[in-house]
Every structure is written in structure tokens, then in C-alpha cells.
Amino acid sequence: MDYLKHLLIRTPLYRPVTQARYLLSYWKRTRHPELEGIYQEPFCIEAMMRKTIQPDWNCVDIGCHLGSVLNEFVTLVPRGTHHAFE
């Protein structure tokens, strides 16, 4: 699954596939409602980044794994200098 996610990052399909994955996890989320916050986390992080990151910032992603957060940095701040460390 991580390899497929890796292939979709930085493509127009990434966001729709992420949302579809969330919708497909409906049954798992209903069986474990205490984990709803964990399932919402990627959407909350994205919303927070869109509200706080300024157009001229430089960003650092520590523990970047596949680079999905780094992709958001590049999208939100295309003129900034970004560093990612795994």
C-alpha cells in the first residue's frame, strides 16, 4: 500500500484517492469510534497548514517517510526552500 501511495504523491490523483481511502474505511471507523481522531488527523494537519503557512516561508519536514507533507509544503509555498529528513 505504501508503494502505491508513493506513486500517487505529487499527482492530481493523490487527493481523491486519499479521500476515497477515508470513505472506504467507514466500517473500520464505526467498529472503533475511539480512533476517529486518528483517521481525521491528515485532514486536520492539512487544514492547519493552509491556515498558518505564509507564502514566503521555508519549511522542514522531519521524518518525511514518503513525502506527502513535503508535497503540501511545496504546494503551499512554491518559492520557499524546503528540507526533508527521514
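Just so it is clear, the model here is predicted, and its values are computed rather than measured. (Residues numbered from 1 in each chain as written. Predicted model: local features only at pLDDT ≥ 70, side-chain atom pairs only at ≥ 80, totals over all residues. Heavy atoms only, no water.)

*Asks:* What is the right way to look at the packing of aromatic side chains in this model?
*Replies:* What describes a pair of aromatic rings is the distance from one ring centre to the other and the angle between the planes of the rings. Per the stated rule, a full pass over the model turns up 1 aromatic pair. Aromatic pair Tyr22 and Phe43: ring centres 5.2 Å apart, planes at 80 degrees, arrangement edge-to-face. In this pair, Tyr22 sits in helix 2 (residues 14–24) while Phe43 sits in helix 4 (residues 36–52), placing the two residues 21 residues apart along the sequence. Tyr22 sits in the buried class, given a relative accessible area of 18%. Its relative accessible area of 27% is what places Phe43 among the partly exposed residues. (Phe/Tyr/Trp six-rings, centres within 6.5 Å; stacked < 30°, edge-to-face > 60°. Helix = DSSP H or I, 4+ residues; strand = E, 2+ residues; numbered from the N terminus. Buried < 20%, exposed > 50% of the residue type's maximum accessible area, 1.4 Å probe, protein only.)

*Asks:* I keep staring at the pattern of salt bridges and nothing clicks. Help me out?
*Replies:* Opposite charge on two side chains permits them to pair, given that their charged atoms come into close proximity. Tallied over the full model, the rule gives 4 salt bridges. Linking Arg50 and Glu46 is a salt bridge whose minimum nitrogen-to-oxygen distance equals 3.4 Å. On the criterion of helical spacing, the pair formed by Arg50 and Glu46 is a turn pair, its members being 4 residues apart in helix 4. The residue Arg50 makes a salt bridge to Glu72 at a minimum N-O spacing of 3.5 Å. In this pair, Arg50 is assigned in helix 4 and Glu72 in helix 5 (residues 68–76), connecting sequence segments 22 residues apart. Note on Arg50: relative accessible area 40%, which makes it partly exposed. Each of the salt bridges in this network shares a partner with another, and the network as a whole consists of Arg15, Glu46, Arg50 and Glu72. (Salt bridge = Lys/Arg side-chain N within 4 Å of Asp/Glu carboxyl O.)

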